[in-house]
Number of protein chains: 2
Amino acid sequence: MLFKTDRVASPYCYRCPFNKAKPERADARKYRKCNMECVDLVQQKFERRQKRGKNYAAFIFEPGIQGPAGMIAQPKGWLAKVAAIAREHGTQIVADEVMTGLGRASSSYFASHAEKVQPDFLCIAKGLTGGYLPMAATLTTQAVFDAFLGEYEEFKTFYHGHSFTGNPLGAAASLASLSLLESKKTSQQRVQLQKSLKSLSKPLWKLDAVGDIRQSGGVLAVELVADWKTRKPFPLSKQMGIRVCDFMAKQGVLTRPIGNVIVVMPPFCTTQSQVKKIFTALQAAISATT
Amino acid sequence: MLFKTDRVASPYCYRCPFNKAKPERADARKYRKCNMECVDLVQQKFERRQKRGKNYAAFIFEPGIQGPAGMIAQPKGWLAKVAAIAREHGTQIVADEVMTGLGRASSSYFASHAEKVQPDFLCIAKGLTGGYLPMAATLTTQAVFDAFLGEYEEFKTFYHGHSFTGNPLGAAASLASLSLLESKKTSQQRVQLQKSLKSLSKPLWKLDAVGDIRQSGGVLAVELVADWKTRKPFPLSKQMGIRVCDFMAKQGVLTRPIGNVIVVMPPFCTTQSQVKKIFTALQAAISATT
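Residues numbered from 1 in each chain as written. Chains lettered and ligands numbered in written order. Predicted model: local features only at pLDDT ≥ 70, side-chain atom pairs only at ≥ 80, totals over all residues. Heavy atoms only, no water.

**Topic: the interface of chain B and chain A**
Across the contact, 22 residues belong to chain B and 22 residues belong to chain A. Taking both sides of the interface into account, the surface hidden between chain B and chain A amounts to around 1900 Å²; carbon and sulfur atoms contribute 71%. Among the residues forming the side of chain B that touches chain A, the class breakdown is 13 nonpolar, 7 polar and 2 charged. (Contact = heavy atoms within 4.5 Å. Buried area = accessible area lost by both parts, 1.4 Å probe. Nonpolar A, V, L, I, M, F, W, Y, C, P; charged D, E, K, R; others polar.)

Laid out in structure tokens, this is it:
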């Protein structure tokens, strides 16, 4: 961000200081023992700001699941609660749905909507063209749009854009991709993919090096650990994530790790047998490598 | 920039406080009367920083001509002088050649090279694909590249990239475009285009509303003024740039203004008769509108 910002903790149930539950062979969001203190932290942040006579202009988050931070899925209800706090303080809501949107990371078309949150700014990209061509868009409200209207000499116009904005080929790919994404058939395919991820990932819990498996829509993350009973991480020098992904690549499954987290995020057109192949390779890779 | 930066004046001969020359019917860089005090300002900035026991990490500029700032062409020698100052202070040089590079804004392939400056970072984009597809690249030295090499756990890697990096279609378009740009024929075409811009823009000096015409390679800018004898600008509310460009559009010539500056920057494939059409339309537009 180009200006001063405040940060507040985002939920990470598996490694949360407020989670008093012992590790189980299940998604930490399910067995966590806490009072959602992470929501209190957001509440306190907004209150402290208000006491200084100011409200935040905007509250920005990745809804449903944080991506490059480690594919960290949020517990149900978190987003609705923190969005309500922002609304109470007159703060605008900015949802980064670059990774999560367009059917990817929730049962809804947008992950915000899965928690009944309607952002003031919705940032989208990857899914727009199915990733084939660069294209991004920022959707906003009429009120925000109107704020940039005025006489020429007032300089209210939002001048900032770039040379490649509205590239015709990217726009054509986006329109074709959106039309596919919105069809009934692909919507059913997404539901089927989410079910497959859920059922086919279950056997991984048998592996000692698997600490957490968290799924959000069509995104699944496996956090590898040196000891599942203590949640002790693998040392970075072991390059465990890279080694597991390298092993999978030799089986014909290409993916990339985020540190010790293995990300399973197959295209929506992935067939049932391809998903099986992914998890067969993943199980073999973890078993052989850890 | 995401961190604290210092700024220093960039040369703008036509509206320079150090230029003691009266306006003439010529490019202000030619008739200016000054001692290149703009270079002294850069020298002073670097010296002040050094007195505080520090040198600047990097010096960033658009070489040859500043783009969105108003197509402001630099006087000959300026870049070589300020780059030498940066080098004396052990400061790395970052050239933003997004607009100027790849044969656009100088007689050289890169505008830095026209002043015999070899940057440590060379930022390029638009010309890479001829503007047809988004593609950008940052070229740097082996020393900078090596600084990002190390053991995995050292986190020396430069992780920052984005999803659309290395897009295959963009890369293919770039390779095709670069091969065209490097051919002898297109190199000759660029020289011809620069000559045409120079000769065909001359008649514009007859118009009272033309204050400055500055050319840098294949980029030409016409600064419109209410009174050429005083350099008095048109009031913004008159939207003079927009009106001139609208008039040109009706003649079949599409361009866009930067405030009161009309930008002529035709594609390298523009024929001689098309360049004539551009200047006929521009002259008619200025005559009819101002």
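**Some details on the domain arrangement of chain A**
A common way to express how large an interface is: the accessible area buried when the components associate. Residues and elements named next belong to chain A. Taken as a whole, chain A is organised into domain 1 (13–181) and domain 2 (184–289). Domain 1 puts 31 residues into the contact, and the matching count from domain 2 is 30 residues. Carbon and sulfur atoms supply 50% of the area that domain 1 and domain 2 bury against each other, a total of about 2500 Å² over both sides. Interface area lost by domain 1 to domain 2 is led by Y14, R25 and R104, which between them contribute 36%. Here domain 1 and domain 2 share 1 salt bridge between them. Here domain 1 is connected to domain 2 by 18 residue pairs in polar contact (both at pLDDT 80 or more). Breaking the side of domain 1 that touches domain 2 down by element, the ones donating at least two residues are α1 (28–31), β3 (72–73) and α6 (168–181). Here the side of domain 1 that touches domain 2 gets 3 residues from one element, more than from any other, and that element is α1. Residue composition of the side of domain 1 that touches domain 2, by class: 17 nonpolar, 7 polar and 7 charged. (Domains from an automatic or database assignment. Salt bridge = Lys/Arg side-chain N within 4 Å of Asp/Glu carboxyl O. Polar contact = N/O pair within 3.5 Å; in protein donor to acceptor, adjacent residues only side chain to side chain. Helix = DSSP H or I, 4+ residues; strand = E, 2+ residues; numbered from the N terminus.)

**As for the state of the cysteines**
All names here are of chain A. One pass over the full model with this rule turns up 0 disulfides over all chains. With no disulfide of its own, C16 lies closest to C38 among cysteine sulfurs, the gap being 6.1 Å. Among the cysteines around C245, which has no disulfide bond, C269 carries the closest sulfur, lying 20 Å off. Judged by relative accessible area, which is 4%, C245 ranks as buried. (Disulfide = S-S within 2.5 Å. Buried < 20%, exposed > 50% of the residue type's maximum accessible area, 1.4 Å probe, protein only.)

**Re the environment of B:K156**
All names here are of chain B. Among the structural elements, K156 can be located in the loop between α5 (142–146) and α6 (168–181). Sequence-wise, K156 and D146 are 10 residues apart; in three dimensions their C-alpha atoms are separated by 9.9 Å. In this view, K156 contacts A147, F148, L149 and G150; residues no more than four positions away in its chain are not counted. Separated by 3.4 Å, the side chain of K156 and the backbone oxygen of L149 make a polar contact.

**Brief notes about a nonpolar patch on the surface**
Residues A:F155, A:Y159 and B:L236 make up a contiguous nonpolar surface patch of roughly 300 Å² in combined accessible area. Along the chain, A:F155 falls in the loop between α5 (142–146) and α6. (Patch = residues over 30% accessible without salt bridge, like charges linked within 9 Å, V, L, I, M, F, W, Y side chains within 5 Å. Areas by Shrake-Rupley, 256 points an atom, 1.4 Å probe, with all protein chains shown as cover.)

**What to know about the packing of helix α8 (residues 240–250) of chain A against helix α9 (residues 272–289) of chain A**
Residue and element names in this part refer to chain A. One can describe the packing of α8 onto α9 by two numbers: an axis separation of 8 Å at closest approach and a directional angle of 130 degrees. Judged by the inter-axis angle, α8 sits oblique to α9. For the crossing formed where α8 meets α9, the hand is right-handed. Of the residues in α9, those touching α8 at M240, R243, V244, F247 and M248 are I278, A281, L282, A284, A285, I286, A288 and T289. Looking at side-chain class alone, the contact of α8 with α9 contains 11 nonpolar, 1 polar and 1 charged residues. (Axes fitted to C-alpha atoms, helices over the stretch in contact; angles between N-to-C directions. Parallel < 35°, antiparallel > 145°, perpendicular 65-115°, else oblique. Left-handed = near helix turned anticlockwise from the far one by under 90°.)

**Focus on helix α7 (residues 184–201) of chain B**
Helix length check: α7(B), at 18 residues, gives a terminal C-alpha distance of 26 Å against a target of 26 Å (1.5 Å per residue), a fit within 8%. Looking at the packing, one finds that the buried side of α7(B) touches α6, β7 (210–216), β8 (219–227), β11 (261–264) and α9 (272–289) of chain B. (Expected span 1.5 Å × (residues − 1).)

**A look at the relation of the copies chain B and chain A**
Relating one copy of the chain to the other requires a rotation about an axis plus a shift along that axis. You can overlay chain B on chain A at an RMSD of 0.0 Å; the transform is a turn of 180 degrees with a shift of 0.0 Å along its axis. The superposition operator between the copies reduces to a two-fold rotation axis. Most of the interface of chain B is mirrored in chain A: 100% of its interface residues are interface residues there too. (Least-squares fit on C-alpha atoms with pLDDT ≥ 70 in both.)

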